[in-house]
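Spelled out, the chains give:
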Amino acid sequence: MRLSQTTNASERHGGSAARLSKVWLLLPAFNEAESLSLLLPKIKKLADEVLLHTIVCDDASTDGTRDVLREFDDELRLDIIVHKMNRGLGETVRDLFERVNELCSADDVIVRMDCDDTHDPAIILSMIDKLNQGCDVVVASRFQPGGGQVGVNRLRSLLSTAANLFMKLLFPIRGLKEYSCGYRAYRASAIKTALAVYGSDFIQLKGLGFSCTLEKLVKLRMLGARFGEVPFVLRYDRKLSQSKMLANITTFGYITLAILYYWPWNGWRNHYKHIPKLGECGSAEGAAKPQSCRL
Ligand SMILES: Nc1nc2c(ncn2[C@@H]2O[C@H](COP(=O)(O)OP(=O)(O)OP(=O)(O)O)[C@@H](O)[C@H]2O)c(=O)[nH]1
Ligand SMILES: [Mg+2]
């Protein structure tokens, strides 16, 4: 049933959505009970269109997030990782990527999105199409024609534009304008290779706010990943939970990342110069074995 619906969805989206088979949705959640009860029904709708597996990491929420997840568990067959202590976004996303790496196949799709109901799951179909056009990473971008943001105040919008320009200057990536949005789709083969090559250093900046979002782009760029974007409207007007983004720590994290990358003595750009590029590790399944790709 689900597979045949995938075909219908793919027909509506130019016939290519089905080529990459399963979609693994990764949700980092910290005190998102209210938002999750609005978001999960939308994810349920998407599950009628594609073969979807959802993995949630509840990072020691105290607001009933777990109860909401339990409520939807039957319908969505959620895979839930529970942290006993709040560990922050970096460690949560690392755990999600490591879990999905164990479960997925190389020709699957991995999507990571926020749980705060500001990201619309419906655009995942166009992200898959873009992956099928040859990208390894597709970013939901406010800066593509048709994209934008609703309900973001001027100061925040200015800071976000400045941060994105800063990142673009320091880490120019072809095909990319949106650096700070965590809503992205990845070829599972790219994530398998990244984890094989970098190991637990794929996400190294764990205690530094949301800088791990930029770090993943930089590490995937060093692997020769191809990037693309699809237009995306950030619906900040729907945000019920408080923002957990600590601007000071995240800014400090961006600066730390730039220093680690450009550091003249064995900074990342030299240290990782000779790593195998995507597609050079044999099959992606082979790349998942650390020994075959170790530096
Ligand atoms: N597991 C975990 N998730 C977190 C933590 N902080 C934030 N998150 C989740 O990470 C996602 C991003 O957090 P948001 O507060 O939406 O941050 P943001 O989207 O960068 O910033 P906003 O623009 O304010 O929404 C959400 O799904 C949060 O629930 C944390 O400490 N642990
Ligand atoms: Mg958010």
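Overview of the structure. What you are looking at is a predicted structure, and each value in this text was computed from that prediction instead of being measured.

Once that is clear, we can look at the overall build of the chain. Across its full length, the chain carries 12 helices and nine strands. Every one of the 295 residues in the chain was classed for burial, and the buried ones make up 45%. Of the contacts formed within the chain by residues at least 6 apart in sequence, a portion of 82% connects residues at least 24 apart.

The mixed open sheet is built from seven strands, whose spatial order is β3-β2-β1-β4-β7-β5-β8. Either end of the sheet is taken by a strand with one partner, and the two such strands are β3 (79-82) and β8 (227-231). Averaged over all pairs of adjacent strands, the angle between their axes in this sheet comes to 20°, without regard to strand direction. The pairing of strand β5 (residues 137-141) with strand β7 (residues 184-187) spans three bridges and is antiparallel. Looking at β7, one finds that valine 137 is bridged to tyrosine 186. Against the sheet, helix α7 (residues 188-198) contacts β4 (109-112), β5 and β7, and its axis sits at roughly 75° relative to β7.

In this structure, strand β2 (residues 52-58) lies alongside β3, joined through four bridges in parallel fashion. Across the sheet, residue cysteine 57 finds its bridge partner in β3, namely isoleucine 81.

Contact geometry for helix α2 (residues 33-47) and helix α3 (residues 65-76): axes closest at 9 Å, N-to-C directions at 15°. Of the possible angle classes, the one that applies to α2 and α3 is roughly parallel. Along this stretch, α2 crosses α3, giving a crossing that reads as right-handed. Of the residues in α3, those touching α2 at Ala33, Leu36, Ser37, Leu40, Ile43, Lys44 and Ala47 are Thr65, Val68, Leu69, Phe72, Glu75 and Leu76. Classifying every residue of the contact of α2 with α3 by side-chain character gives nine nonpolar, two polar and two charged.

Surveying the vicinity of ligand 1 reveals 19 residues, the closest of which are Phe30, Asp59, Thr92, Ser243 and Lys244. Counting only elements with at least two residues in the shell around ligand 1, the list comes to β1 (23-29) and α4 (88-103). In terms of residue count, the dominant contributor to the shell around ligand 1 is α4 (three residues). Residue composition of the shell around ligand 1, grouped by class: eight nonpolar, five polar and six charged.

With that settled, the discussion passes to unusual backbone geometry. Phi at aspartate 117 takes a positive value of approximately 65°, unusual for a residue other than glycine. Relative to the helices and strands, aspartate 117 is located in the loop between β4 and α5 (124-132). At asparagine 266, a residue that is not glycine, the phi angle is positive and equals roughly 60°. With respect to the element layout, asparagine 266 can be found in the loop between α9 (247-262) and α10 (268-271).

Before going further, it helps to examine α3. The α-helix advances 3.6 residues per turn, and as a result positions three or four apart in sequence lie on the same side. Spanning 12 residues, α3 covers 15 Å between terminal C-alpha atoms, matching the ideal 16 Å at 1.5 Å per step. Where α3 is buried, its residues contact β1, α2, β2 and β3. Positive backbone phi, approximately 45°, marks arginine 77, located one or two places after α3.

Moving on: the nonpolar core. Ranked by internal contacts, the top residues of the largest apolar core, which has 75 residues, are Ile110, Val111 and Met127. Sort the elements by how many residues they give to this core and α7 lands first, with eight residues.

Looking at where lysine 192 falls in the secondary structure, it is placed in helix α7. Judged by the 29 C-beta atoms lying within 10 Å of it, lysine 192 falls in the buried class. Sequence separation between lysine 192 and serine 105 is 87 residues; the distance between their C-alpha atoms is 9.0 Å.

A few words now on α4. If you check α4, its first and last C-alpha atoms are 23 Å apart, about what 16 residues at 1.5 Å a residue would give, namely 22 Å. All of the buried residues along α4 are Gly88, Leu89, Gly90, Thr92, Val93, Arg94, Leu96, Phe97 and Val100. Along its buried surface, α4 packs onto β1, β2, β4, α7 and α8 (212-222).

With that settled, consider the packing of α8 against α9. Interaxial distance between α8 and α9 falls to 10 Å at its minimum, and their mutual angle equals 25°. By the angle class used here, α8 and α9 are roughly parallel. Judged by the sense of rotation from one axis to the other, the crossing of α8 with α9 is right-handed. Across from Leu214, Glu215 and Val218 in α8, the residues of α9 making contact are Tyr254, Leu257 and Tyr261. The residue makeup of the contact of α8 with α9, split by class, is five nonpolar, no polar and one charged.

Definitions and limits used
- Residues numbered from 1 in each chain as written.
- Chains lettered and ligands numbered in written order.
- Predicted model: local features only at pLDDT ≥ 70, side-chain atom pairs only at ≥ 80, totals over all residues.
- Helix = DSSP H or I, 4+ residues; strand = E, 2+ residues; numbered from the N terminus.
- Buried ≥ 20, exposed ≤ 12 C-beta atoms within 10 Å, placed from the backbone.
- Contact = placed C-beta atoms within 7 Å.
- Pairing = 2+ DSSP bridges.
- Axes fitted to C-alpha atoms, helices over the stretch in contact; angles between N-to-C directions.
- Parallel < 35°, antiparallel > 145°, perpendicular 65-115°, else oblique.
- Left-handed = near helix turned anticlockwise from the far one by under 90°.
- Nonpolar A, V, L, I, M, F, W, Y, C, P; charged D, E, K, R; others polar.
- Near = placed C-beta within 6 Å.
- Expected span 1.5 Å × (residues − 1).
- Core = buried A, V, L, I, M, F, W, Y, C linked by C-beta atoms within 7 Å.

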